[in-house]
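One letter stands for each residue in the lines below.
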Amino acid sequence: CQPDRPKGRGHKLAACPVKETAEAAGIPVFQPERIKRAEGVEALRGLAPDLCVTAAFGQLLSQEILDIPRLGTINVHASLLPRHRGSAPINWCVMMGETVTGITTMYTDIGMDTGDMLSKASLTVEADDTTGTLFEKLAHLGAELLVDTLEKVEKGQITREKQDEAAATYAPMLGKADETLDWQRPASKLHDQVRGLVPWPSASMVLAGKPVKVHRTAVGGETSAPAGSVVEADKNGLAIACGDGRLLRVLELQGEGGKRMAANAFLNGKRIAAGTVLDA
């Protein structure tokens, strides 16, 4: 797995769940900074594996590595390929308001999720799903599909299917621009953006001159107020006009260095007047 990374406010090094589970079971763990370097290649070659499996590993494998296991390397990808190739398929699925997604098991090649597909399983994206809740569902679905795929590979019952390049889309790594709420967009699109960025990295807005993370929203009724205008800021929370003439109701948010809280509780310490136009 990936090397331990700094985590939390103290930025202390923390292991990923795969490492923790493996060590608890007495399974050796190797954490190369770059798997394609000589030490990574030799470590894998020394294991003489029949088959390798990857899941959200986050590093591209070289052809030298792919040639080591005699039965190849199988990847578990959290989308219905060729849709949403790349590093953030779950986030982009939710952010784009899609209603169906799933898991694809595939043979890994040197491209970005471009290898031959082996098996697929789909599920419905519920209206209240976030990236966090969908990740949990897909993790269980992916585990089941992987076991089924490996059994079929072992028995020689698997069929390889080429991906349709014309239908391919990409789900790139998220950046700051993807987090910022643009009030010119429709309310439903902003709501999906918020859901797709929960629990990380979170959507953001500027309120009273300070950046604020937005954790939960709902689409409200119609309004004639200009996009970005605060229409309500009271005990019912915060309602902001969007580009399509609908309201986005902010239900939970989090100020700098603060805790996640209900919007009306947050407003107890922040006087935001109706009619205020929020910064872009």
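Residues numbered from 1 in each chain as written. Predicted model: local features only at pLDDT ≥ 70, side-chain atom pairs only at ≥ 80, totals over all residues. Heavy atoms only, no water.

1. Focus: the side chain of Arg195
Counting through the fold element by element, Arg195 comes out in helix α7 (residues 187-196). In this structure the side chain of Arg195 is engaged in a polar contact, spanning 3.4 Å, whose partner is the backbone oxygen of Ala127. Not counting residues up to four positions away in its chain, the partners in contact with Arg195 are Val94, Gly97, Glu126, Ala127, Asp128, Asp129, Thr130 and Thr131. (Helix = DSSP H or I, 4+ residues; strand = E, 2+ residues; numbered from the N terminus. Polar contact = N/O pair within 3.5 Å; in protein donor to acceptor, adjacent residues only side chain to side chain. Contact = heavy atoms within 4.5 Å.)

2. Side note on the sheet that holds strand β3 (residues 52-55)
With mixed pairing, the four strands of this open sheet are ordered in space as β3-β4-β5-β6. In this open sheet, the two strands that pair with only one neighbour each are β3 and β6 (117-124). The average angle at which neighbouring strand axes cross in this sheet is 15°, direction not considered. Pairing analysis gives four bridges linking strand β4 (residues 73-77) to strand β5 (residues 100-107), with the strands arranged antiparallel. In the strand pairing of β5, Asn75 is matched with Met106. The strands touched by helix α5 (residues 131-155) are β3, β4, β5 and β6; relative to β5, the strand with the most contacts, the crossing angle is about 35°. (Pairing = 2+ DSSP bridges. Axes fitted to C-alpha atoms, helices over the stretch in contact; angles between N-to-C directions.)

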